[in-house]
Amino acid sequence: MQTHQYDVVIVGAGGAGMRAALESSGRARTAVLTKLYPTRSHTGAAQGGMCAALANVEEDNWEWHTFDTVKGGDYLVDQDAAEVMAKEAIDAVLDLERMGLPFNRTPDGKIDQRRFGGHTRNHGEAAVRRACYAADRTGHMILQTLYQQCVKQDVAFFNEFYVLDVLLDTDLTAQEVPSGQAVTVAGVVAYELATGEIHVFRAKSVVFATGGAGKIFKTTSNAHTLTGDGMALTLRRGIPLEDMEFFQFHPTGLAGLGILLSEAARGEGAILRNSDGERFMERYAPTIKDLAPRDIVARAMANEVREGRGAGPNKDYVLLDLTHLEPAHIEAKLPDITEFARTYLGIEPFTEPVPVYPTAHYLMGGIPTTIDAEVLRTNTDVVGGLFAAGECACVSVHGSNRLGTNSLLDINVFGRRAGLAAAAYAATSEWVGLPDDPAGAVVGELERMRGAATGERVSDVRRALQESMDANAQVFRTAESLDRALADIVVLKERYRTVSVQDKGTRFNTDLLEAIELGFLLDLAEVVVVGALARQESRGGHFREDFPTRDDANFMQHTMAYLRPAGADARPGATQVRLDHKPVTVTRYQPMERKY
Amino acid sequence: MTAVETAAASPAAPIGAVPSFDVTLRIRRFDPEAASPEPYWEEFTVTAHGTDRVLDAMHTVKWELDGTLTFRRSCAHGICGSDAMRINGRNRLACKTLLKDLDPRKPVILEPIKGLPVIKDLVVDMEPFFASYREVMPFLITGGNAPSAERLQSPEQRARYDDTTKCILCAACTSSCPVFWTDGQYFGPAAIVNAHRFIFDSRDEGAAQRLEILNDKEGVWRCRTTFNCTDACPRGIEVTQAIAEVKRAMITRAF
């Protein structure tokens, strides 16, 4: 075991982690730990753009952006946080430009902007051009640009280090720690993939920026590595997760594969059609049609298929039609996604419509934070020195449904804030002692997993989880379907206790890490489903067919899910999810019916 | 009707179903912890579907036949650059190569990319590759005070370096280069591509420094214009042309 000491440790090297590192590494001794190489992070898969009211091509202002974000999130957004994000968006884009990001340009040389779902002029009048973009590779350019700047600043990276535990000075799981009592982070425990060695990183500040958890579903736009590690391990240490029942299903995944086709396609004029060739979004969102927010479009698509108007031999998808657009225009603005259609489905988008179906894309919920990225352990108490930003966090700027482009914005605005806050905290705080045997829990888990001679195969348990979540907790949910999912998860968690891995080695043992990741997925899926069962209403990305309307009287509140020991008669070590609630911060927008 | 019932109600072989076929993967393996570590070949036969990628077949092996098979992967659709490998002798991404596009009657031969030390099976040490990248100062260099708004750049100026902004640092190009195989000191195509991306960016003021670095004996002049890199690039970057443009800029000092 090796021990390291840094003022700030950042976990994750996607957009949020590297944006944080750029702030903190100049101010405090900083290390960035990533389970990949920085440029492999899934920020690079984001396509369409990053919204900011630059007003480069038409009138716009950050207040409209705030309103769209709040309405898009079906009023579960904390409005003070949305205001911060929309205001700081403008500098966030300009910062990236100054770092060298190759944005597309207007004829007069400014950053070009285009339309995106749910982003409107003057509180919903019509779609507005707000998304700053670099073809359909905006995420790739952000990831590369931030990495370039990290190289310039000589940021210390620990590549292919899996963080498997967070160390606190107080056990939050055994008993309730009273509000007001200080709880402080002490560091993290990491596993070095190349050698199998355990590393303890002692730190004054720890920033989680570990991204999403799309792999709880079978059909997803997410990378294989998006297994919710940061969320799961903070949850296990007693920190709550907020609003986890809100998962976004992106409307246009390549049918059967889930690979993302950017909403920018519709921003550039593409149209969704059913098997009759009908532009069905006219019926669901008469004003902005195909550019309605993602939750509405995804449900409309699923509904078309359910009512027999799906296309294809099995009538199980709809069509994204770009054939009326100029090929030169498509080639210039959407080169990557048209290539995806050609490569993976053998479809030529210039002449044939592309089969698409919703794909699990983005988790609105996550580790609860303040607008300065401080992690909350209750509705009001922060954990000293612990921060989170990006998809793994819940500020909450996305509420129950994130608008397209607001995730690239989120990682830049709140990644920056996390880096600043982490460095400032480290500058004024004392070192906290490490617990005795800081790596004991991680070592025990790894040894148990590696030591089991025979047992369940990891992939069998994972596949069963993903299939159950797709079948029971996707676009349409009912108490019955969610009960089925929960029953499946309970059984799968038992089966997980007996999994074994074939690779018993110490060097580059990805077999072992996949087993660990599966444990994270199971815990998170349980929180998603328990939250979805309790939320007996439909709001944003969470749609209950048995409760099809929004219920502000009973559910205009955030869900706070805690993992706590199960009752006295349960198996030792068994846990259960306990739910609590947190009020939504409302500043200037009272909830209204959400129409587009 | 739920999704499960829909699936169950479908006939056994629905119209439009993708045909399945068997494919054999012949994989170059290396276990660093073996008693006497030597590379060897191992074959696995798996059932694949028409839309499956090479990566899908590799996952079938790892998840159902042999958990010790080791390779890097993440996004699985050609964006993250994790899974560059030699597939039938050619550098490609496993997630962007469809099995149906290879000859399924012959084994698909999978080897680690060449010129970088093998750690285990298909995993190589990427550090030398990233070290070369870092040496070319791959970041925007500007003088004076930063402007309060964006720097202006015309669409034509933006287009000048567009091709080389697409690089995902997968190392497919560099590890396909015969010069790099024989001389690990050579910067390699990927580093030059990333230098090109800034040399031809109208906002950048560091071109002279980068050209100086690449004028080194291990720099652009070692390129023998074999076009392996251009063939290997999964992003379709005209790598050889980019290198030629950097060579020309070095002579003419025009960029």
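No experiment lies behind these values; they were computed from the predicted model shown. Once a new chain begins, its residue numbering starts again from 1 and follows that chain's sequence as written. Here every chain gets a letter starting at A, and every ligand a number starting at 1, in the order they are written. Only residues with pLDDT of at least 70 are given local features in this predicted model, and only at 80 or more are side-chain atom pairs given and counted; all residues enter the totals for whole chains, interfaces and linings.

Visitor: Sorry if this is basic, but what is going on with the nonpolar core here?
Guide: For soluble globular proteins, nonpolar side chains are generally found buried alongside one another. Residue and element names in this part refer to chain A. For our purposes the nonpolar core covers buried Ala, Val, Leu, Ile, Met, Phe, Trp, Tyr and Cys residues that link as a set through C-beta atoms within 7 Å. Around each residue's C-beta, the other C-beta atoms within 10 Å are counted; 20 or more make the residue buried, 12 or fewer make it exposed, and counts in between make it partly exposed. All C-beta atoms are placed from the backbone. Val9, Val206, Val207, Phe387, Ala389 and Val529 are the most contacted members of the largest nonpolar core, which has 275 residues in total. The element that contributes the greatest number of residues to this core is helix α15 (residues 510–534), accounting for 16 residues. The contact criterion used is a C-beta to C-beta distance within 7 Å, with each C-beta placed from the backbone. If sequence neighbours within four positions are ignored, Val207 has contacts with Val8, Ile10, Val11, Ala20, Phe387, Ala388, Ala389, Ala418 and Ala422. Only DSSP runs of H or I reaching four residues or more are called helices, and only runs of E reaching two or more are called strands; each is numbered from the N terminus.

Visitor: Which parts of the structure should I look at to understand the sheet that holds strand β4 (residues 90–93) of chain B?
Guide: As a general point, the strands of a sheet are linked pairwise by backbone hydrogen bonds and lie either parallel or antiparallel. Residue and element names in this part refer to chain B. At least two DSSP bridges between two strands are needed for those strands to be called paired. Overall, mixed pairing links the five strands, which are arranged β2-β1-β5-β3-β4 in an open sheet. Of all the strands in the sheet, just β2 (40–49) and β4 have a single pairing partner and so form its edges. Neighbour-to-neighbour, the strand axes of the sheet open up by a mean angle of 35°, direction not taken into account. Two elements, strand β3 (residues 84–87) and strand β5 (residues 108–111), share two bridges in a ladder whose sense is antiparallel. Residue Ile87 lies in a different strand from β5, and its bridge partner there is Leu110. Relative to β2, helix α2 (residues 54–65) is tilted by about 105°, and along the sheet it contacts β1 (20–29), β2, β3 and β5. All axes here are fitted lines through C-alpha atoms, helices being fitted over the stretch that makes contact, and every angle between N-to-C directions spans 0 to 180 degrees.

Visitor: What is the right way to look at the pairing of strand β7 (residues 161–168) of chain A in this model?
Guide: Successive side chains on a regular strand alternate, one facing one side of the sheet and the next facing the other. Residues and elements named next belong to chain A. For β7, a buried count of eight out of eight residues is recorded, marking the element as mostly surrounded by other parts of the structure. One ladder, built from seven bridges, connects β7 with strand β8 (residues 185–192); its direction is antiparallel. Residue pairing for β8: Val163 is matched across the bridge by Ala190.

Visitor: Explain helix α5 (residues 229–236) of chain A to me, please; I cannot follow it from the model alone.
Guide: One turn of an α-helix holds 3.6 residues; hence residues three or four places apart share an orientation. All names here are of chain A. Burial of α5 is extensive: seven of the eight residues sit out of reach of the surface. Among the residues making up α5, those that are buried are Asp229, Gly230, Met231, Ala232, Leu233, Thr234 and Leu235. With its phi angle positive at about 100°, Gly238 sits one or two positions after the end of α5.

Visitor: Could you clarify how one ought to interpret the environment of Arg203 of chain B in this entry?
Guide: Residues and elements named next belong to chain B. By secondary structure assignment, the location of Arg203 is in the loop between α6 (189–199) and α7 (207–214). On the basis of neighbour counts, which here come to 18 C-beta atoms within 10 Å, the residue Arg203 falls in the partly exposed class. C-alpha of Arg203 to C-alpha of Glu238: the two residues are 35 residues apart in sequence and 22 Å apart in space.

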